[in-house]
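# Summary of the model geometry
The lines below spell out each chain.
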Amino acid sequence: MSGRTDSDPPPDTHAEDAEDAEDAEDAEDAEDAGHGDDAEDAGHAEDAGHAEDAGHGDDAEDAEQGEQGDDALRGARRARWAAVGTGAVLALAGVAAALLRLTGSTPALVPVAYACGAGACALAAVLGSRGRTRRALWLLIAGLMVMAVGDQFD
């Protein structure tokens, strides 16, 4: 219970009280059965009209939620392709840098750092293609940092 004054009290769980309440409702229904049948029918017709109007509002709300869902899917798809593309480009750049540094007179740590960074970026591209964009982006950052360490030793 929230403690608010307008919250409903807990329902009674005693069987005898529930039976007494049902008997009282049945008695009230029997008394009201002969009075104002036409008014009740008119009230039900109005309720049916309002229910039809409410249905049109639900369609608009569903369409709006569908558009929001489509936007979210488009955003997720864009993020996935961004992770895949960036991972692939950085992996190719890392492999190319490792091969270029391997032929030169640089310490062995430089091409190894480029190759490890390229491997991390390639793994990030795979993760991105599977929809793990957050992990892929963090792995891209880590791979790029490893390549930057190789660049510092160059």
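Keep in mind the model is a prediction, meaning the values are calculated, not measured.

## Quick notes on the overall build of the protein
For the protein, the count of helices and strands is 4 helices and 0 strands. Secondary structure elements of the protein occur, N-terminal to C-terminal, as α-α-α-α. Within the protein, buried positions represent 16% of all 154 residues. Carbon together with sulfur atoms contributes 57% to the accessible area of the protein, which is approximately 11,500 Å² in total.

## So, the packing of helix α3 (residues 109-129) against helix α4 (residues 133-153)
Interhelical geometry of α3 versus α4 gives an angle of 170° and a closest axis separation of 8 Å. It follows from the interaxial angle that α3 and α4 lie roughly antiparallel. Counted by class, the contact of α3 with α4 contains 18 nonpolar, 4 polar and 2 charged residues.

## Description of the confidence of the model for the protein
The predicted model of the protein averages 76 in pLDDT, with 57% of residues at 70 or higher. Looking at the elements of the protein, mean pLDDT is at its lowest for helix α1 (residues 15-32), recorded as 56, and at its highest for α3, recorded as 95. Low pLDDT, under 50, characterises residues 36-42; the stretch is placed with 2 contacts to residues that sit more than four places away or in other chains. Taken as a whole, residues 48-52 scores under 50 in pLDDT and shows 0 contacts with residues more than four places along the chain or in a different chain.

## A look at the nonpolar core
Of all hydrophobic cores here, the largest spans 12 residues; its members are Ala83, Leu90, Ala91, Ala97, Ala98, Val110, Tyr114, Cys121, Ala124, Ala136, Leu140 and Met147. For this core, the elements supplying multiple residues, two or more each, are α2 (37-103), α3 and α4. In terms of residues, this core owes the most to one element, α2, which gives 5 residues. In this view, Ala91 contacts Ala118, Cys121 and Ala122; residues no more than four positions away in its chain are not counted.

## Describing the pattern of salt bridges
For the structure on display, the rule yields 1 salt bridge. For the salt bridge of Arg74 with Asp71, the shortest nitrogen-to-oxygen distance reads 2.9 Å. On the criterion of helical spacing, the pair formed by Arg74 and Asp71 is a turn pair, its members being 3 residues apart in helix α2. Given the relative accessible area of 42%, Arg74 is considered partly exposed.

## Thoughts on a nonpolar patch on the surface
Judged by side-chain polarity, Val95, Leu99 and Leu102 come together as a nonpolar surface patch covering roughly 300 Å² of accessible area. Within the fold, Leu99 resides in helix α2.

## Regarding α3
With 21 residues, α3 extends 30 Å between its outermost C-alpha atoms, agreeing within 8% with the 30 Å of an ideal straight helix rising 1.5 Å per residue. Within two residues after α3, Gly131 carries a phi angle of roughly 95°, on the positive side.

## Observations concerning the environment of Val84
Turning to its location among the elements, Val84 is positioned in helix α2. Judged by relative accessible area, Val84 falls into the buried class, the value being 19%. Between the C-alpha atom of Val84 and that of Leu137, which follows or precedes it by 53 residues, the distance is 9.5 Å. Ignoring sequence-local partners within four residues, the contact set of Val84 consists of Ala125, Gly128 and Ser129.

Here is what the cut-offs are and how they apply
- What you see as residue numbers is a count from 1 along each chain, following the sequence as written.
- Restriction of local features to residues with pLDDT of at least 70 applies here, the model being predicted, together with a cutoff of 80 or more for giving and counting side-chain atom pairs; totals for whole chains, interfaces and linings are based on all residues.
- For side-chain calculations, the full set of non-hydrogen atoms in the structure is used, while hydrogens and water are omitted.
- In DSSP terms, a helix is any run of H or I states spanning at least four residues, a strand is any run of E spanning at least two, and both are numbered starting from the N terminus.
- The rule is simple: take the accessible area with a 1.4 Å probe, protein chains only, and divide by the maximum for that residue type; under 20% is buried, over 50% is exposed, in between is partly exposed.
- Computed with a 1.4 Å probe, the accessible areas rest on the Shrake-Rupley method; for each residue, only the protein chains presented here act as cover.
- Every axis corresponds to a line fitted to the C-alpha atoms, with the helix fit spanning only the stretch in contact, and the corresponding angles, defined between N-to-C directions, vary from 0 to 180 degrees.
- Working rule for angles: under 35 degrees goes down as roughly parallel, over 145 as roughly antiparallel, 65 to 115 as roughly perpendicular, anything else as oblique.
- Lys, Arg, Asp and Glu make up the charged group, whereas Ala, Val, Leu, Ile, Met, Phe, Trp, Tyr, Cys and Pro make up the nonpolar group; the residues left over, Gly among them, are polar.
- Confidence of the predictor in every single residue is expressed as pLDDT, which spans 0 to 100.
- In this description, contact between two residues means that some pair of their heavy atoms is separated by no more than 4.5 Å.
- Residues belong to one nonpolar core when they are buried, are Ala, Val, Leu, Ile, Met, Phe, Trp, Tyr or Cys, and are joined through side-chain atoms within 4.5 Å.
- We define a salt bridge as a contact between a side-chain nitrogen of Lys or Arg and a carboxyl oxygen of Asp or Glu at a distance within 4 Å.
- Candidate patch residues must exceed 30% relative accessible area and have no salt bridge, after which like charges are joined if within 9 Å and Val, Leu, Ile, Met, Phe, Trp or Tyr side chains if within 5 Å.
- Helix span is expected to be 1.5 Å times the residue number reduced by one.

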